[in-house]
Amino acid sequence: MTPTPAGMPPRSRLRLTDLLALSTSGLRSRPLRAILSALGIAIGIAAMVAVLGISASSQAKLQQQLDALGTNLLTVESGTDLFGRETPLPTDATGRVQRIAGVLEAAGAGEVPDTRVYRSNLIPAARSGGLSVRAADLGLRSALAAELRAGAWFTEATAAFPTVVLGSAAAQQLGIERPGSLIWLGDQQFSVVGILDPVVLAPELDTAALISSAVAQERLGFDGALTRLYVRAAEDAVPKTRELLPQTLGPEQPEAVKVSRPSDALAAKGAADETFTGLLLGLGSLGLLVGGIGVANTMIISVMERRQEIGLRRAIGARRAHIRRQFLGEALVLSALGGVFGAGLGALITLAFAGANGWPFALPLLVPGAAVGATLIVGALAGLSPAWRAARVSPTAALSG
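This one's a predicted model, so the numbers in the text were calculated from it and none came from an experiment.

Trainee: Sorry, what's going on with the nonpolar core here?
Mentor: It is characteristic of soluble globular proteins that their nonpolar side chains tend to be buried jointly. Of all hydrophobic cores here, the largest spans 22 residues; its most connected members are Val117, Val164, Leu166, Ile176, Ile183, Leu185 and Ile211. Not counting residues up to four positions away in its chain, the partners in contact with Val117 are Ser128, Leu131, Val133, Leu174, Ile183, Trp184, Leu185 and Ala209. Grouped together as the second largest cluster of nonpolar side chains are 21 residues, Leu140, Ala146, Ala159 and Ala202 included.

Trainee: Hey, could you run me through a nonpolar patch on the surface in this one?
Mentor: On the surface, Leu32, Leu36, Leu39, Ile43, Phe341, Leu345 and Ile349 cluster together to form a nonpolar patch covering roughly 670 Å² of accessible area. With four residues, helix 2 (residues 31-69) is the single largest residue contributor to the nonpolar patch. Given the relative accessible area of 37%, Ile349 is considered partly exposed.

Trainee: For this particular structure, what's the right way to read the pattern of salt bridges?
Mentor: Side chains that carry opposite charge are capable of pairing whenever their charged atoms lie near each other. Under the definition given, this model contains four salt bridges. A salt bridge links Arg149 to Asp197, with the nearest nitrogen and oxygen atoms 3.5 Å apart. Of the two residues, Arg149 is situated in strand 6 (residues 148-151) and Asp197 in the loop between strand 9 (188-196) and strand 10 (208-212); the sequence distance between them amounts to 48 residues. Here Arg149 falls in the partly exposed class, since its relative accessible area comes to 46%. By relative accessible area, Asp197 is classed as partly exposed at 28%. Arg228 is the salt-bridge partner of Glu204, the closest N and O atoms lying 2.9 Å from each other. With Glu204 in the loop between strand 9 and strand 10 and Arg228 in strand 11 (residues 228-233), this residue pair connects regions lying 24 residues apart in the sequence. Owing to a relative accessible area of 18%, Glu204 belongs among the buried residues under this scheme. Through salt bridges with shared partners, a single network forms among Glu77, Glu204 and Arg228.

Trainee: Teacher, can you tell me more about unusual backbone geometry here?
Mentor: With a phi angle near 55°, Ala145 is a residue other than glycine that sits in the positive phi range. Tracing the backbone through its elements, the reader meets Ala145 in the loop between helix 4 (140-144) and strand 6. A relative accessible area of 29% places Ala145 in the partly exposed class. Even without glycine at this site, Asp187 takes up a positive phi of about 65°. Turning to its location among the elements, Asp187 is positioned in the loop between strand 8 (182-185) and strand 9. Looking at Asp187, the relative accessible area reads 66%, which means it is exposed.

Trainee: How do you make sense of the packing of aromatic side chains when you look at a structure like this?
Mentor: Two measures describe an aromatic ring pair: the distance that separates the ring centres and the angle between the ring planes. Tallied over the entire structure, the rule returns two aromatic pairs. Judged by centre distance (5.0 Å) and plane angle (65°), the rings of Trp153 and Phe154 are edge-to-face. Ring geometry for Phe353 and Trp359: centres 5.6 Å apart, planes at 65°, overall edge-to-face.

Trainee: Would you explain the packing of helix 10 (residues 320-357) against helix 11 (residues 366-391) in this entry?
Mentor: Two quantities define a packed helix pair, namely the angle between the helix axes and the distance between the axes. Relative to each other, helix 10 and helix 11 sit at 150°, their axes nearing to 7 Å. With respect to each other, helix 10 and helix 11 are oriented roughly antiparallel. Crossing geometry of helix 10 relative to helix 11 is assigned as right-handed. Facing Arg320, Ile323, Arg324, Phe327, Leu328, Ala331, Leu332, Ser335, Ala336, Gly339, Val340 and Ala343 of helix 10, the residues of helix 11 in contact are Pro368, Val372, Thr375, Leu376, Gly379, Ala380, Gly383, Leu384, Ala387, Trp388, Ala390 and Ala391.

Trainee: Honestly, the pairing of strand 8 in this entry has me stumped. Any pointers?
Mentor: Side-chain alternation along strand 8 places Ile183 and Leu185 on a buried face and Leu182 and Trp184 on a face that remains uncovered. Judged from the two bridges that link them, strand 4 (residues 117-118) and strand 8 form a sheet pairing that is antiparallel. In the sheet register, Tyr118 faces strand 8, and the bridge partner there is Trp184. When strand 8 meets strand 9, the two strands line up antiparallel, connected through four bridges. When the sheet's bridge partners are listed, Trp184 is paired in strand 9 with Gln189. Here strand 8 folds back onto strand 9 in antiparallel fashion, the turn holding two residues, of which Gly186 has a positive phi close to 60°.

Rules of the game
- One numbering rule holds for all chains: residues counted from 1, following each sequence as written.
- In keeping with the predicted nature of the model, local features appear solely for residues at pLDDT of at least 70, side-chain atom pairs appear and are counted solely at 80 or more, and the whole-chain, interface and lining totals rest on all residues.
- Just so you know, side-chain values use all the structure's heavy atoms and leave hydrogens and water out.
- For our purposes a nonpolar core is just a set of buried Ala, Val, Leu, Ile, Met, Phe, Trp, Tyr and Cys residues, chained together by side-chain atoms within 4.5 Å.
- Burial status follows relative accessibility: with a 1.4 Å probe on protein chains alone, a residue under 20% of its type maximum counts as buried, one over 50% as exposed, and anything between as partly exposed.
- Here a residue-residue contact requires only that any non-hydrogen atoms of the pair lie within 4.5 Å.
- Surface patches are drawn from residues lacking salt bridges whose relative accessible area is over 30%; two like charges belong together within 9 Å, two nonpolar side chains (Val, Leu, Ile, Met, Phe, Trp, Tyr) within 5 Å.
- Surface accessibility follows the Shrake-Rupley procedure with a 1.4 Å probe radius. Residue values consider only the protein chains on display as shielding.
- We count a salt bridge whenever a side-chain nitrogen from Lys or Arg sits within 4 Å of a carboxyl oxygen from Asp or Glu.
- Strands are runs of DSSP state E lasting at least 2 residues, helices are runs of H or I lasting at least 4, and numbering of each runs from the N terminus.
- Any two rings among Phe, Tyr and Trp, with Trp reduced to its six-membered ring, count as a pair given centres within 6.5 Å; such a pair is stacked if its planes are under 30 degrees apart, edge-to-face if over 60, and tilted if neither.
- Every axis corresponds to a line fitted to the C-alpha atoms, with the helix fit spanning only the stretch in contact, and the corresponding angles, defined between N-to-C directions, vary from 0 to 180 degrees.
- The cut-offs work like this: below 35 degrees is roughly parallel, past 145 is roughly antiparallel, 65 to 115 is roughly perpendicular, and the gaps in between are oblique.
- Crossings are classed by handedness, with left-handed meaning an anticlockwise turn of the near helix from the far one by less than a right angle and right-handed meaning a clockwise turn.
- Strands pair, by our definition, only if DSSP identifies at least two bridges between them.

Here's what the structure looks like:
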């Protein structure tokens, strides 16, 4: 009791420990209802945390790829002139580009026309599977930072013979799992010396059979014209190099030379993923709102069922402020339970999803903290009306039957 002036009855006081006990008493007396109400909030929070965590892990994986592959790769393609005629890159394109200041590496590949690749000469000609044959410079693998799944890349020795390196999808389609196999290419047998892993910055090579330019010219009538050139430049020289490439490779028609940056496409993909993440985050917020409505509904029903209890507490000295705090505390405890459980569940979902896809686990600590904070705000808003409604219960309600 709080001391009061003489002649006035002492005013009751609600201690913090008492408030904590009162805030959990209603939930402990009806555990199933409390669990179901908290579950509504937990689902919304788990969805929000999982979406943000998966998005952060995806971005971390993308950043890993960019760090490993580099953002200093430029791709040059042959284009068309003003009359729509194809303008191939010059046969000395690699040498020209290597003379540009700031260029670190340059290597190209040219598509060998009218040449198909098959597992054997018994396969019908119409069943080529869409695989292409490309003549590649020896420095192509280094320029692309491509990894080999099996075997080896061309050397000065093997490049002089009918050998081939298969892209990942091409090897799978042909049923080649290891080097040493023979395939039928341009009505001739070639020996597989290597199989590439997927090339992120040059996906067109995944469905290609790569042979050396020397063999392509000697055996398949390749004219030496490159269809695509891959250029590595110093990071600070990329913009200037990108500007100089069209004039270097097509001084007469620079507008016919297409220069792109593959890492920009990856960054655009990441931006698209972020947009999709925003949509899912909105759905998670809707789930949180539904959970908040469930808490409000639970608290209103609790007030209706406990009118006698509230009236009795009022009759023995509890003030309206005490009743408000009690029911507001119950709403906060209920929301906090759902928030903590939901944040933990969302983190586990993120961990499982990242592990299944080989991504790094990247969940900022701010995300679960903010999620729990959001549930407390929702719980406070959901509990305001029931708390005020409970505070207006008259002490005479203790006498109702």
